[in-house]
Amino acid sequence: GTGKAPGPRPTADAAAARRTAEEFEAVFLAQMLEYMVAGLDTAGPFGGGHGEEVFRSLLTQEYGRSMARAGGVGFADAVQREILRLQEVE
């Protein structure tokens, strides 16, 4: 082998590019939400501990997905265009 990692496969499927762009935006949004909730006090009768950390992470991931599906912050469109442009597919 050449030792190079395989590059992205070209796609003419705009729907697949859109899904990828929305997934990217969802991950970005989830990361932003992680920073937003990192400093919140979780003390209380049912708060804190390892379970809180695990489920908070899952919750922020789902919030990110939900926000991206609802239109996100608007950069999924730009990411989709760039995916298609880089693959020279219009």
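Residues numbered from 1 in each chain as written. Predicted model: local features only at pLDDT ≥ 70, side-chain atom pairs only at ≥ 80, totals over all residues. Heavy atoms only, no water.

Q: How would you explain the pattern of salt bridges if you had to name every residue and give the values?
A: The tally for this structure, following the rule as stated, stands at five salt bridges. One salt bridge in this structure joins Arg69 and Glu62, with 3.4 Å as the shortest N-O distance. Arg69 gets classed as exposed once you look at its relative accessible area, which sits at 54%. Measuring nitrogen to oxygen at the nearest pair gives 2.5 Å for the salt bridge that ties Glu82 to Arg85. A residue pair is termed a helical-turn pair when its members lie 3 or 4 positions apart in one helix, as Glu82 and Arg85 do in helix H3 (residues 76–86) at three residues. Classification of Glu82 by relative accessible area gives partly exposed; the value is 33%. By sharing partners, the salt bridges in this structure join Arg18, Glu22 and Asp77 into a single network. (Salt bridge = Lys/Arg side-chain N within 4 Å of Asp/Glu carboxyl O. Buried < 20%, exposed > 50% of the residue type's maximum accessible area, 1.4 Å probe, protein only. Helix = DSSP H or I, 4+ residues; strand = E, 2+ residues; numbered from the N terminus.)

Q: Tell me about the packing of aromatic side chains, residues and numbers included.
A: All chains considered together, the criterion is met by two aromatic pairs. Taking the centre distance of 6.0 Å and the plane angle of 75° together, the rings of Phe24 and Phe75 count as edge-to-face. Of this pair, Phe24 sits in helix H1 (residues 14–37) while Phe75 sits in the loop between helix H2 (49–69) and H3, and the two are 51 residues apart along the sequence. Look at Phe24 and you get partly exposed, because its relative accessible area is 49%. Classification of Phe75 as partly exposed rests on a relative accessible area of 23%. Ring centres of Phe28 and Phe75 lie 5.0 Å apart, and the angle between their planes is 80°; this geometry places the pair in the edge-to-face category. Residue Phe28 is located in helix H1, and its partner Phe75 is located in the loop between H2 and H3; the two are separated by 47 residues in the primary sequence. Members of the aromatic cluster, each reached through a chain of ring pairs, are Phe24, Phe28 and Phe75. (Phe/Tyr/Trp six-rings, centres within 6.5 Å; stacked < 30°, edge-to-face > 60°.)

Q: Report on H2, specifying residues and quantitative values.
A: An α-helix turns once per 3.6 residues; consequently, residues spaced three or four apart project the same way. For H2, which comprises 21 residues, the first-to-last C-alpha distance of 31 Å matches the rise-based estimate of 30 Å (1.5 Å per residue) to within 8%. For H2, the complete set of buried residues consists of Thr60, Gly64 and Ala68. The buried residues of H2 occupy an angular sector of 65° when the element is viewed end-on, so they sit on one face. Residues of H2 that are exposed and point more than 90 degrees away from the buried face comprise Phe55 and Arg69. In this structure, the buried residues of H2 make contact with H1. Downstream of H2 by a residue or two, Gly71 has a phi angle that is positive, lying close to 120°. (Expected span 1.5 Å × (residues − 1). Arc of directions from axis to C-beta. Contact = heavy atoms within 4.5 Å.)

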